[in-house]
Amino acid sequence: MFASCSHQSQPDLITLSSPLARVSPAITVIDINTNNDLRDSSVNSTQQSISFNMRKYIAVTSACLFVCSCRLTSAFITPETNRIGVARTHNRASHQLNVATQSRLMPRVTQEHIDTLSNKGYVVIPNFLPRDVVDELRDDILRLRSGGAFREAKIGQDSTNNLNKSIRIAETCFIGRNRPELASISGSDSIRDRESGLYDILDGLCGSLADLCSKESGARLDNSLTELLYVYYPSGGFYRRHRDAIPNSASVLRKYSLLLYLNREGWSPQSDAGQLRVHLDGGGDEVPEGVNPNFVDVDPFGGTLVLFKSELIPHEVLDTNSERFAVVGWYNRAVTAADIGSLGEGGSSEMIRMGMLAFALLMVTFGVTSIIGQ
């Protein structure tokens, strides 16, 4: 398979500066009116007791309603539902519940796989997809390619993106939910879109990685920022050594890279070639000076899933002697205030423009609280 959140309270009312007043104005009005009525009455010990108990009752009730409203808000104010009507949420607990509900129907990674990814920086999972799904996804690639959906793959980030056939020979097609240009070719019920299809599988995979990301970096994975594409390598195709997360570019949000191979049954490492070479020498795009090469070659058998840390693992696709098919993707962390403040550090006006446009779009779509990582 492979080688080596306070408020100040007053005695008689909840002030307009308090969180409860801001959350529920009706509660504030009730409290004020109740206390005004009590002031207009003759003051005696019994009425003072009633006033005190009434205020205490209202305060406790308000607090309970406040807590309930927070829980309801966190449970239901989420991004729009996905195609099959299952609520998509960035709340970790809700997302994990969604993943658990579908886990009986879809491929999943185990805790052992997660531990390997954490410790080694990469993990290879043979037979992650069954053969029939592999074949159907490969047919989907061929259908989209014949329909003109693929383009020659480029290299680089932001304004430096360009075609360089000395570094990469391949074709790519960006995929994802709600892409009408793809539906016009393959229909709305492709193996990607249907229930328990590719998108559902990869959403579940993102959920499986959420805890690891939070534990290792304190960051939250944002599935709405996941990047996915089909990649087709012709005979003679390759992609020289590179990294997926580059400082001072949008790719810095990438936390985990995925490769899901869709090659035909009977792929031969010797005659078909096209292995993935995972470099473990601690370098970047080049082997560090004075360090001996250290790598692992992974055979791209159909159904095999490879996950690795995007900023850590340099890798390359060796020359292939046959057509080579794969799904490639990146799970990205949520955008933070620090990211916005550092948009200009790369010195690229194009990067700043693209970054601000992307962030504005996300704010309109999801709201600030869904974007800024806590």
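Use the structure listed above.
Report follows, based on the coordinates.

Here we come to the sheet that holds strand E7 (residues 254-261). In spatial order, the strands read E1-E10-E7-E12-E5-E4-E2; together these seven strands make up an open sheet with antiparallel pairing. Unpaired on one side and paired on the other, strand E1 (122-125) and strand E2 (151-152) mark the two borders of the sheet. Inspection of the sheet shows E7 paired to strand E12 (residues 324-332) by seven bridges, in the antiparallel sense. Across the sheet, the residue bridging to Tyr 256 is Tyr 331, located in E12.

A few words on helix H6 (residues 131-146). With 16 residues, H6 extends 23 Å from end C-alpha to end C-alpha; this agrees with the ideal 22 Å at 1.5 Å per step. Every buried residue belonging to H6 is among Val 133, Val 134, Leu 137, Arg 138, Asp 140, Ile 141 and Leu 144, and all of these are buried. Take H6 and look down its axis: the buried residues cluster within an arc of 150°, on one side only. Exposed and facing more than 90 degrees away from the buried side of H6 are Asp 132 and Ser 146. Where the residues of H6 are buried, they touch strand E4 (171-175), helix H7 (180-186), helix H8 (198-217), strand E5 (227-233), E7 and E12.

What follows is about unusual backbone geometry. We note that Asn 127 has phi near 55°; this positive angle belongs to a residue other than glycine. With respect to the secondary-structure elements, Asn 127 resides in the loop between E1 and H6. Judged by relative accessible area, which is 64%, Asn 127 ranks as exposed. Even without being glycine, Ala 273 reaches a positive phi, approximately 60°. As for its placement among the helices and strands, Ala 273 is situated in the loop between E7 and strand E8 (276-279). What makes Ala 273 buried here is its relative accessible area of 11%.

Moving on, we get to the side chain of His 242. The residue His 242 is located in strand E6 (residues 238-242) in this model. Here Arg 240 takes part through its backbone oxygen, which lies 2.8 Å from a polar atom of the side chain of His 242.

Before going further, it helps to spend a moment on the environment of Val 296. One can find Val 296 in strand E9 (residues 295-298). On the accessibility criterion, Val 296 (4% relative accessible area) is buried. For the pair Val 296 and His 279, spaced 17 residues apart in sequence, the C-alpha to C-alpha distance is 6.6 Å.

All right, on to the packing of aromatic side chains then. Going through the model one piece at a time under the given rule, you end up with one aromatic pair. For Arg 254, the ring lying beneath its charged end belongs to Trp 330, and the centroid distance is 3.8 Å. Sitting above the plane of the Phe 295 ring, Arg 277 keeps its charged end 3.8 Å from the centroid.

Reading the values: rules and limits
Residues numbered from 1 in each chain as written. Predicted model: local features only at pLDDT ≥ 70, side-chain atom pairs only at ≥ 80, totals over all residues. Heavy atoms only, no water. Pairing = 2+ DSSP bridges. Helix = DSSP H or I, 4+ residues; strand = E, 2+ residues; numbered from the N terminus. Expected span 1.5 Å × (residues − 1). Buried < 20%, exposed > 50% of the residue type's maximum accessible area, 1.4 Å probe, protein only. Arc of directions from axis to C-beta. Contact = heavy atoms within 4.5 Å. Polar contact = N/O pair within 3.5 Å; in protein donor to acceptor, adjacent residues only side chain to side chain. Phe/Tyr/Trp six-rings, centres within 6.5 Å; stacked < 30°, edge-to-face > 60°. Lys NZ or Arg CZ within 6 Å of the ring centre and 35° of its normal.

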